[in-house]
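# Structural overview for review
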Amino acid sequence: MPAVSKGDGMRGLAVFISDIRNCKSKEAEVKRINKELANIRSKFKGDKALDGYSKKKYVCKLLFIFLLGHDIDFGHMEAVNLLSSNKYTEKQIGYLFISVLVNSNSELIRLINNAIKNDLASRNPTFMNLALHCIANVGSREMAEAFASDIPRILVAGDTMDSVKQSAALCLLRLNRTSPDLVPMGEWTARVVHLLNDQHLGVVTAATSLITTLAQKSPDDFKTSVSLAVARLSRIVTSASIDLQDYTYYFVAAPWLSVKLLRLLQCYPPPEDASLRSRLTECLETILNKAQEPPKSKKVQHSNAKNAVLFEAIALIIHHDSEPNLLVRACNQLGQFLQHRETNLRYLALESMCTLASSEFSHEAVKTHIETVISALKTERDVSVRQRAVDLLYAMCDRSNSKQIVAEMLSYLETADYSIREEIVLKVAILAEKYAVDYTWYVDTILNLIRIAGDYVSEEVWYRVIQIVINRDDVQGYAAKTVFEALQAPACHENLVKVGGYILGEFGNLIAGDPRSSPLVQFNLLHSKFHLCSVPTRALLLSAYIKFINLFPEVKGTIQDVLRSDSQLRNADVELQQRAVEYLRLSCIASTDILATVLEEMPPFPERESSILAKLKKKKGSSKLPDMDDSRKNVNGNTEHAEDAEVASKVPSHTFTDNLNVNSAPSSGASLLVDVFSDFSSAAPTESSDEHFPRFVCKNNGVIYENQLLQIGLKSEYRQNLGRMYVFYGNKTSTQFQSFSTSVSSNDVLCSQLNVQEKPVDPLIEAGAQVQQILNIECVSDFSDTPVLNIQFRYGGTLQNIAVKLPVMLNKFFQPTEMMSQDFFQRWKQLGAPQQEVQKIFKAKNQMDTDVTKAKVNSEALGQCEHLGPSVTDLSYSINMQSDFSFMILLLLWCFYESSQLTSLCSVAFTPPALRFRCSSVGRCGS
Amino acid sequence: MRFLLLFSRQGRLRLQKWYTAISEREKKKIIREMTTMVLARQPRTCNFIQWKDLKIVYKRYASLYFCLGVEHEENELLALEIIHRYVELLDKYFGNVCELDIIFNFEKAYFILDEFLMGGEIQETSKQIVNRAIESSDMLQETMEEYMSKPAF
């Protein structure tokens, strides 16, 4: 046991930990723990009241047991007791237990909230810090509700200690992340921005984190932080390393603060003010220069801190994307890192260059490093670095180097780690398609992909090659010849058989003139693979055979014999058997004309976005791939694909394919061939729409949703806190909807605030018919979310999902209250707290007409008393009303002319802060 | 920052700190994945791993692995230095810290971390100030200490 003499040792705890460590086996450990748990439980339950020390010790033991990975289901009350103690060590352990064990157990949180409140008010910085830490750790809604308004006050109060300010800033940051709606903006925001000027660098660091988070959500409110951040940054980068004393980290001046300031600046575009902008450019240049200086220390910490600032500066340069000079310099400096001996730097340089490649200014500069990146792909020992090299090659690829890059990626694929093969396959497929000038190259590349990494070629990739071959006449003959040759290989991947079967079935005739690939040879070649393939591939081959019968009447007999054989006609698989039977029948009874019509060459597919891209995006999660593709179009002037897609989207989608998709009965001859391209309908995408939603702020009736299939109308009425909504579902099609069902979902918070009860609805809606459903609504307390109506039904075999936001808003439950003007202003003054008032100034679109406004406001069920108080402006009047749940909303609408433009000012005062959001929308419709 | 984990070469968890609310089950899953993933890394590979939508930044100090899960836009190199700063603080407090110190004084390891990081953001980067804060809270407990003479159990 180590001899730590600091603080108080809890001997009992140390003995227990030693015991556990001495356990020879897992069983012994569990036994020892169970014994201890039983002991602690009996102590906690015992008649004798425990003293603080014992309680602390036992709670600590529980914590230790929990950290070993065992579940703890008691001791919370004792921890709450400790937390409320006056003794620091007890309090500290109590807080620790809560922050480690409690996630958001609401019962308990109510209990500790009280203790936290006391500690926050204690003016003892140590206690305040403990309390703030606890709030930040648990961060639940209940806590946010209880403290979100206190913490800003602590943060900006003049007499708050620095360390408490730091905690308060970060605590607020955390609450803003978990429940942004509960953190009220107010006059404190301006004062927070000024913390960037604080003497204490620790306070500045914490404040910068907070401001960055807030600025991401509402950039306009924190615009003033830009100039302060630039000034601060400039002071740091020009300071000598000793100036900042302990904030200098291994000879680097305040790296954490610098990085945070640079991150804050990334929330904004480049400053418009010329002098500010040049000052920032100077800062960035200084950072780039400093990175080139010889190191002041050999320690890795020095280089890490220095380069951390450099990478963040480069991230800002890329974000601004406006200074070609800086971009090219950044690229060159990253280029030096590509061959650095530190693996970390090579990794980061590759990653950072990926984003540089997307800027038109630095794209060319990035391209000069292609050889280094390719050699990284071949020689790096670390797979994560190789992965970054692949990403960068993908990002720097354009028409000029696409052949080289695709070739390198293909050759790397042969030895690539299994974990990244699929991604490389997708990337190669996308690049090959995007930069194909001549489509024979594209076909070759995809066939190579299948040859090298057939198992990793997903369906999307081989669907796409077929789609492209069908749509491009110029490549069909070449494709047929190439797949024919590829199929000669003794062992070929099943994906190749699929592509080969499909293409020869469509375009085999284009190579049939050559005796080496006569119809019979083609058929025999395909059929030699048949027995090695899985059922779906066999089904595809059968379809290819029937197409052969149409293309080449001379092999009809041979193919009919195959179809007639027992292994087909009596196949155990229903699908195969059915195909064999039907194709055989079709070939016997149909005349050549009918056959030719039924088995006609596939019409071109409507151009759609490559599903490969979608797949890659999904694989990559939220990473930066999508932007890259968008922005790069400009760089290369390579937009023809986008244009193609646009043209195609204007052409009405092909009825032939659509019809087949809808009734995809297996009997329809080419169903598999067609189905291959439809999104398999099992996962019906949910359609959601709220375009009609805003109209319902003032209206109660109307159409809330409409698409080609379904129209949803609403009629609603409200009285006091109750509402009834009639929902009408209209079937616009000529087929009935089956298994029609609806459900109303509300999020957890809304559930407790609003009851929505739905009456059952008929599961069948006949063609052209309309059915009605009644929803009963009860408003329990004020709310700000909206319930969602989910509709599900079957239309022609496919499942449709629709989600519609129901226009149930708080204002529907408003009730007017008439009152005298004195009363009104008296009440107005009582509601003076900043979070109780919201004010909005907006340009009026129309001439203000008192009657019209009144009518609009009345439709919101607001009572009013006219011409109140001294009219400062052309027109001023006020409305107030009281809702059913005993709080009051006062609304004041002013209009005034500002430089001959009519402007309105809407002020609303109200009691519960939660109303804030609603009120601003009430304000909008008042104009 | 989403989480900080400390585990030994044998994969025994020594400290866990979570900066977002997630369920116990999810935590256990992440811990398992992190230990297997990080322990399987070869020497002299880079200290960053892309994992789902997070970056994992890890570093080994003697027998302990320090492993951070940070958001995508976070600076990896500074995350490494956060780890280093924490190690320095532990070192200063315990005097050449070793795994045993953290096992037997796990609560202190938490307190030190809390002085340094909060809500997943760095709170105080100055080593002096953090050390002073830790010392003063130790002072606080010694002056209040009245149970030193209590018997051990």
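Quick caveat, the model's predicted, so the values are computed rather than measured.

## Focus: the overall build of chain A
A tally of regular secondary structure across chain A gives 42 helices and 16 strands. Taken over 927 residues, chain A has a buried fraction of 54%. For chain A, contacts bridging at least 24 residues in sequence account for 67% of all contacts bridging at least 6. Roughly 40900 Å² of accessible area belongs to chain A as shown, and the carbon and sulfur atoms make up 50% of that amount.

## Comments concerning the overall build of chain B
Each helix and strand in chain B was counted, giving 5 helices and 7 strands. Helices and strands in chain B line up, N terminus first, as β-β-α-β-β-β-α-α-α-β-β-α. Sorting the 153 residues of chain B into buried and exposed places 61% on the buried side. Residue pairs at least 24 apart in sequence account for 48% of intrachain contacts in chain B once pairs closer than 6 positions are excluded.

## Overview of unusual backbone geometry
Its identity is not glycine, yet Tyr250(A) carries a phi of approximately 45°, on the positive side. Here Tyr250(A) falls in the partly exposed class, since its relative accessible area comes to 21%. Phi is positive for Arg44(B), which is not a glycine, with a value near 60°. You can see Arg44(B) is positioned in the loop between helix 1 (24-39) and strand 3 (48-51).

## Focus: the nonpolar core
Residues Ile98(A) and Tyr86(B) are the most contacted members of the largest nonpolar core, which totals 274 residues. A per-element tally of this core places helix 2 (residues 76-94) of chain B first, with 12 residues. Shared between two domains, this core takes at least three residues from each, and those domains are domain 1 (189-320) and domain 2 (367-603) of chain A. For Ile98(A), the contacting residues outside a window of four places in its chain are Ala79(A), Val80(A), Leu83(A), Leu108(A), Ile112(A), Cys134(A) and Val138(A).

## Section: a positive patch on the surface
Residues and elements named next belong to chain B. Taken together, Arg25, Lys29, Arg32 and Lys52 make up a surface patch of like positive charges. With respect to the helices and strands, lysine 52 occurs in the loop between strand 3 and strand 4 (54-61). Among the residues examined, lysine 52 registers a relative accessible area of 54% and is labelled exposed.

## Quick word on the interface of chain A and chain B
Across the contact, 88 residues belong to chain A and 76 residues belong to chain B. Across the chain A to chain B interface the summed buried area is about 7100 Å²; carbon plus sulfur atoms make up 55%. Among the residues of chain A in contact with chain B, Leu67(A), Asp246(A) and Trp256(A) are the three that bury the most area, contributing 10% of the side total. Taken together, chain A and chain B are joined by 5 salt bridges. For Glu29(A), the salt bridge goes to Arg12(B), with nearest N and O atoms at 3.4 Å. The interface formed by chain A and chain B holds 28 residue pairs in polar contact (both at pLDDT 80 or more) in total. Looking at the side of chain A that touches chain B element by element, the count peaks at 10 residues for helix 3 (residues 52-67) of chain A. The residue makeup of the side of chain A that touches chain B, split by class, is 38 nonpolar, 27 polar and 23 charged.

## Topic: the sheet that holds strand 1 (residues 3-8) of chain B
Residue and element names in this part refer to chain B. Read across the sheet, 5 strands follow the order 2-1-5-4-3 without closing on themselves; strand pairing throughout is antiparallel. Looking at the sheet topology across the chains shown, the edges are occupied by strand 2 (13-18) and strand 3. Across the sheet, the mean angle from the axis of one strand to that of its neighbour is 20°, orientation sign disregarded. Relative to strand 2, strand 1 is paired through 5 bridges, and the arrangement is antiparallel. In the sheet register, phenylalanine 7 faces strand 2, and the bridge partner there is leucine 13.

## Thoughts on the pairing of strand 6 (residues 722-731) of chain A
Residues and elements named next belong to chain A. Summarising burial for strand 6: 8 of the 10 residues are buried, a large majority. Here strand 5 (residues 710-719) runs beside strand 6; their pairing, made up of 10 bridges, is antiparallel. Its bridge partner lying in strand 6, serine 716 is registered against methionine 725. The hairpin formed by strand 5 and strand 6 contains 2 residues between the paired strands, and glutamine 720 there has a positive phi angle of roughly 50°. Summarising the sheet, strand 6 and strand 9 (residues 770-779) pair through 9 bridges and their orientation is antiparallel. Within strand 9, the residue paired with tyrosine 729 across the bridge is valine 771.

## A short note on the packing of helix 22 (residues 402-413) of chain A against helix 23 (residues 418-434) of chain A
Residues and elements named next belong to chain A. At a minimum axis distance of 10 Å, the contact between helix 22 and helix 23 shows a crossing angle of 155°. Judged by the inter-axis angle, helix 22 sits roughly antiparallel to helix 23. Helix 22 and helix 23 meet at a crossing whose hand is left-handed. Facing Ile405, Val406, Met409, Leu410, Tyr412 and Leu413 of helix 22, the residues of helix 23 in contact are Ile420, Arg421, Ile424, Val425, Lys427, Val428, Leu431 and Ala432. Among the residues making up the contact of helix 22 with helix 23, the classes are represented as 12 nonpolar, no polar and 2 charged.

## Quick look at the packing of aromatic side chains
Aromatic rings in a pair are described by how distant their centres are and how their planes are angled relative to each other. Residue and element names in this part refer to chain A. Under the definition given, this model contains 24 aromatic pairs over all chains. Between the aromatic rings of phenylalanine 16 and phenylalanine 64, the centroid separation amounts to 6.2 Å while the plane-to-plane angle is 80°, which identifies the pairing as edge-to-face. Here phenylalanine 64 lies in helix 3 and phenylalanine 16 lies in helix 1 (residues 11-22), a separation of 48 residues in the sequence. Take phenylalanine 64: its relative accessible area is 8%, and that puts it in the buried class. By way of ring pairs, the aromatic residues Tyr729, Phe737, Phe740, Phe793 and Tyr795 are connected into one cluster. In this arrangement the basic side chain of lysine 91 is found over the ring face of phenylalanine 127, its NZ or CZ atom lying 4.8 Å from the centre. Over the ring of tyrosine 394 we find lysine 427; its NZ or CZ atom is 5.4 Å from the centre of that ring.

## Overview of the pairing of strand 3 of chain B
All names here are of chain B. Pairing geometry for strand 3 and strand 4, over 4 bridges, is antiparallel. Paired with glutamine 50 across the strands is lysine 55, a residue of strand 4. The antiparallel hairpin formed by strand 3 and strand 4 contains 2 residues in its connecting segment, where lysine 52 sits at a positive phi of about 50°.

## Quick notes on the side chain of His302(A)
Residues and elements named next belong to chain A. Relative to the helices and strands, histidine 302 is located in helix 16 (residues 300-320). On the accessibility criterion, histidine 302 (2% relative accessible area) is buried. Dropping the residues within four chain positions of it, histidine 302 is found in contact with Tyr250, Phe251, Val252, Pro295, Lys296 and Ser297.

## Description of the packing of helix 20 (residues 370-379) of chain A against helix 21 (residues 383-396) of chain A
If you want to describe how two helices pack, look at the angle between their axes and the distance between the axes. Residues and elements named next belong to chain A. Closest axis-to-axis distance for the helix 20/helix 21 pair is 8 Å, and the angle between their directions is 145°. Relative to helix 21, helix 20 is oriented so that their crossing is left-handed. Across from Ile370, Val373, Ile374, Ala376 and Leu377 in helix 20, the residues of helix 21 making contact are Arg386, Ala389, Val390, Leu392, Leu393 and Met396. Residue composition of the contact of helix 20 with helix 21, grouped by class: 10 nonpolar, no polar and 1 charged.

Procedures and definitions
- Residues numbered from 1 in each chain as written.
- Chains lettered and ligands numbered in written order.
- Predicted model: local features only at pLDDT ≥ 70, side-chain atom pairs only at ≥ 80, totals over all residues.
- Heavy atoms only, no water.
- Helix = DSSP H or I, 4+ residues; strand = E, 2+ residues; numbered from the N terminus.
- Buried < 20%, exposed > 50% of the residue type's maximum accessible area, 1.4 Å probe, protein only.
- Contact = heavy atoms within 4.5 Å.
- Areas by Shrake-Rupley, 256 points an atom, 1.4 Å probe, with all protein chains shown as cover.
- Core = buried A, V, L, I, M, F, W, Y, C linked by side-chain atoms within 4.5 Å.
- Domains from an automatic or database assignment.
- Patch = residues over 30% accessible without salt bridge, like charges linked within 9 Å, V, L, I, M, F, W, Y side chains within 5 Å.
- Salt bridge = Lys/Arg side-chain N within 4 Å of Asp/Glu carboxyl O.
- Lys, Arg positive; Asp, Glu negative; His and termini not counted.
- Charge placed at Lys NZ, Arg CZ, Asp CG, Glu CD.
- Buried area = accessible area lost by both parts, 1.4 Å probe.
- Polar contact = N/O pair within 3.5 Å; in protein donor to acceptor, adjacent residues only side chain to side chain.
- Nonpolar A, V, L, I, M, F, W, Y, C, P; charged D, E, K, R; others polar.
- Pairing = 2+ DSSP bridges.
- Axes fitted to C-alpha atoms, helices over the stretch in contact; angles between N-to-C directions.
- Parallel < 35°, antiparallel > 145°, perpendicular 65-115°, else oblique.
- Left-handed = near helix turned anticlockwise from the far one by under 90°.
- Phe/Tyr/Trp six-rings, centres within 6.5 Å; stacked < 30°, edge-to-face > 60°.
- Lys NZ or Arg CZ within 6 Å of the ring centre and 35° of its normal.

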